[in-house]
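Survey of secondary and tertiary structure
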Number of protein chains: 4
Amino acid sequence: MVHAEISVYPVGTDSTSLGFYIAKAIESIDINGISYQVTPMGTILESGSVEKIFEATRAAIETIHRLGVKRVEVILKIDSRTDKTQSMQQKVQSVDRYLSKGA
Amino acid sequence: MVHAEISVYPVGTDSTSLGFYIAKAIESIDINGISYQVTPMGTILESGSVEKIFEATRAAIETIHRLGVKRVEVILKIDSRTDKTQSMQQKVQSVDRYLSKGA
Amino acid sequence: MVHAEISVYPVGTDSTSLGFYIAKAIESIDINGISYQVTPMGTILESGSVEKIFEATRAAIETIHRLGVKRVEVILKIDSRTDKTQSMQQKVQSVDRYLSKGA
Amino acid sequence: MVHAEISVYPVGTDSTSLGFYIAKAIESIDINGISYQVTPMGTILESGSVEKIFEATRAAIETIHRLGVKRVEVILKIDSRTDKTQSMQQKVQSVDRYLSKGA
């Protein structure tokens, strides 16, 4: 199980509003074999293979360029573990149970 | 309004389970003037000033060291804008309204 | 031309020294069609296609796991542009010429 | 000893060329008690305290805004260790000595 988080920053758009570009990038990563969750700072991906994460990232980059943006910065965080299969929810729970009060 | 996301990776713990360390780091950033949201890949922070974000990050680093971890890697993403005051929820909504189907 | 930077953080090693793991990861990304430069905070990659960047990242992750590390965190920054072909050196020069004194 | 890497991505500039903004940000982080090194993907900082790293990051953000950019994304990586004092050069050497061929 691989978790990842992708953030895309289009460069050279005239506007500071990126919502449209990010929405189109998210739609393009909605591919077979990926679960995702949108957060205020990026989109979290879950998949059985890192290959799918790369496929999603490639789709996001291509989508931004296809929308006419000539430069895009991408930050991809990957959490790859071979000892455990944990869902996104279980990852948060594994932190939560140590919190004095709930998160 | 500043949004940020902090991820901490303790180095040299014997276990691959980081939940305890991350929970203690999160408790330490629960300071006056910061709202936060725990995700599977980090903790998202919202504050009126970048100063508070740094204060929270410093607290997280110190907490990890105080727990006996001698090395910690931190990834801090900051989204600083002067043209608009947007909450974490509004950021997600600004993406959401462009999605063909909801996120 | 795509530039990227990869940082790998093995989790659950008992030592805080990561030099050995990082060296082996770097050796594995030394593949056809990639130029790279080691820095104190990561390894910078240059390639004609983002596909090669993913291939290198996959190789680095697999190498760390093959060395017995069951969890690894990866931060991959990608700078993808379609309007210009710039080498790593030219990127630094494009900043340098605006500096009052050299970098 | 703390090492860090800062990358700034101005948003909503009409050009894809960021060299000018990055140069001005770098000049602003050239403060007492910080050593730095410009790379093709960011600027690496070394300091005796994490406080200086935050001071530099704040200066970079303020500089970008003062140049008229209303939104800026910052990625700050911090490597904080309490067990060892290592310079930027020594960090690269600690990887280098494990490489079959030089980096």
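How each quantity is defined
Residues numbered from 1 in each chain as written. Chains lettered and ligands numbered in written order. Predicted model: local features only at pLDDT ≥ 70, side-chain atom pairs only at ≥ 80, totals over all residues. Helix = DSSP H or I, 4+ residues; strand = E, 2+ residues; numbered from the N terminus. Buried ≥ 20, exposed ≤ 12 C-beta atoms within 10 Å, placed from the backbone. Contact = placed C-beta atoms within 7 Å. Least-squares fit on C-alpha atoms with pLDDT ≥ 70 in both. Nonpolar A, V, L, I, M, F, W, Y, C, P; charged D, E, K, R; others polar. pLDDT = per-residue confidence, 0-100. Pairing = 2+ DSSP bridges. Axes fitted to C-alpha atoms, helices over the stretch in contact; angles between N-to-C directions. Core = buried A, V, L, I, M, F, W, Y, C linked by C-beta atoms within 7 Å. Parallel < 35°, antiparallel > 145°, perpendicular 65-115°, else oblique. Left-handed = near helix turned anticlockwise from the far one by under 90°.

**A closer look at the overall build of chain A**
- Each helix and strand in chain A was counted, giving three helices and four strands.
- Along the chain direction, N to C, the helices and strands of chain A fall in the order β-α-β-β-α-β-α.
- In terms of overall dimensions, chain A has C-alpha extents of about 45 × 30 × 15 Å along its principal axes.
- A burial count over chain A gives 50% of its 103 residues as buried.
- If you take every contact in chain A between residues at least 6 apart in sequence, the share linking residues at least 24 apart comes to 69%.

**Things to note about the relation of the copies chain D and chain C**
- In the superposition of chain D on chain C (RMSD 0.0 Å, axial shift 0.0 Å), the rotation amounts to 180°. Overall, the copies show the geometry of a two-fold rotation axis. Across chain D, the rotation axis passes nearest the C-alpha of T39(D), at a separation of 4.0 Å.
- In this assembly the copies share their binding face: 100% of the residues contributing to the interface of chain D also contribute to that of chain C.

**Structural notes on the interface of chain B and chain A**
- Of the residues lining the interface, 29 residues belong to chain B; the matching set on chain A comes to 29 residues.
- Looking at the side of chain B that touches chain A, the elements that each hand over two or more residues are strand 1 (2-11), helix 1 (19-29), strand 2 (34-39), strand 4 (71-81) and helix 3 (88-96) of chain B.
- Looking at which element gives the most residues to the side of chain B that touches chain A, the answer is helix 1 of chain B, with six residues.
- Classifying every residue of the side of chain B that touches chain A gives 15 nonpolar, seven polar and seven charged.

**Observations regarding the confidence of the model for chain A**
- Per-residue pLDDT for chain A averages 94, and the proportion of residues at 70 or more is 97%.
- Reported confidence for the predicted complex is 0.95 by ipTM and 0.96 by pTM.

**Topic: the sheet that holds strand 1 of chain B**
- If you walk across this open sheet you meet the eight strands as 2(B)-3(B)-1(B)-4(B)-4(D)-1(D)-3(D)-2(D), and the pairing is antiparallel. Here the strands that pair on one side only, and so sit at the sheet edges, are strand 2 of chain B together with strand 2 (34-39) of chain D. Along the sheet, successive strands turn relative to each other by an average axial angle of 20°, direction set aside.
- Two strands pair when backbone bridges link them, and strand 2 of chain B and strand 3 (residues 42-47) of chain B are joined in this way by six bridges, in the antiparallel orientation. The residue of strand 3 of chain B that forms the bridge with Q37(B) is I44(B).
- Across the sheet, helix 2 (residues 50-66) of chain B lies against strand 1, strand 2, strand 3 and strand 4 of chain B together with strand 4 (71-81) of chain D, angled at about 170° from strand 4 of chain B, the strand it touches most.

**Concerning the nonpolar core**
- By size, the foremost hydrophobic cluster in this structure holds 114 residues, and its most contacted members are V8(A), V8(B), V8(C) and V8(D).
- Excluding residues that lie within four positions of it along the chain, V8(D) makes contacts with I22(D), A25(D), A60(D), I64(D), V72(D) and V74(D).

**Things to note about the interface of chain D and chain C**
- Every contact between the two is made by 29 residues of chain D and, on the other side, 29 residues of chain C.
- Elements with a contribution of two residues or more to the side of chain D that touches chain C: strand 1 (2-11), helix 1 (19-29), strand 2, strand 4 and helix 3 (88-96) of chain D.
- In terms of residue count, the dominant contributor to the side of chain D that touches chain C is helix 1 of chain D (six residues).
- In the side of chain D that touches chain C, the residues fall into 15 nonpolar, seven polar and seven charged.

**Comments concerning the sheet that holds strand 2 (residues 34-39) of chain C**
- Taken in spatial order, the eight strands line up as 2(A)-3(A)-1(A)-4(A)-4(C)-1(C)-3(C)-2(C) in an open sheet, and their pairing is antiparallel. Two strands close off the open sheet at either side, each with one partner strand: strand 2 (34-39) of chain A together with strand 2 of chain C. Taking the axes of each pair of neighbouring strands and ignoring which way they run, one obtains an average angle of 20° across the sheet.
- Strand direction decides the pairing type here: strand 1 (residues 2-11) of chain A and strand 4 (residues 71-81) of chain A, joined by 10 bridges, are antiparallel. Its bridge partner being in strand 4 of chain A, V8(A) is matched across the sheet by V74(A).

**So, helix 1 (residues 19-29) of chain C**
- Regarding helix 1 of chain C, the residues found buried are Y21(C), I22(C), A23(C), A25(C), I26(C) and I29(C).
- Here the buried face of helix 1 of chain C lies against strand 1 (2-11), strand 2, strand 3 (42-47) and helix 2 (50-66) of chain C together with helix 3 of chain D.

**Here's the deal with the packing of helix 2 of chain B against helix 2 (residues 50-66) of chain D**
- Taken N-terminus to C-terminus, the directions of helix 2 of chain B and helix 2 of chain D make an angle of 155°; their axes are 11 Å apart at the nearest point. Accordingly, the angle class assigned to the pair helix 2 of chain B and helix 2 of chain D is roughly antiparallel. As helix 2 of chain B packs across helix 2 of chain D, the resulting crossing turns out to be right-handed. Across the interface between the two elements, V50(B), F54(B), R58(B) and I61(B) of helix 2 of chain B pack against V50(D), F54(D), R58(D) and I61(D) of helix 2 of chain D.

**Considering the relation of the copies chain B and chain A**
- For the match of chain B to chain A, the screw axis carries a shift of 0.0 Å, the RMSD comes to 0.0 Å, and the turn is 180°.
- Mapped onto chain A, 100% of the interface residues of chain B again fall at the interface, so both copies present the same surface.

**A few points about the environment of E5(B)**
- Here E5(B) lies in strand 1.
- The exposure class assigned to E5(B) is buried, which follows from the 27 C-beta atoms found within 10 Å.
- Distance from E5(B) to S15(B), taken between C-alpha atoms, is 24 Å for residues 10 residues apart in sequence.
- Excluding anything up to four places from it in sequence, E5(B) contacts M41(A), G42(B), T43(B), I44(B) and K77(B).

**A look at the environment of E46(B)**
Residue and element names in this part refer to chain B.
- With respect to the element layout, E46 can be found in strand 3.
- Accessibility expressed as a C-beta count within 10 Å gives 22 for E46, which makes it buried.
- Taking the C-alpha atoms as reference points, E46 and I78, separated by 32 residues in sequence, lie 9.9 Å from one another.
- Once you skip the residues sitting within four places of it in the chain, E46 turns out to touch M1, H3, S35, S87 and M88.

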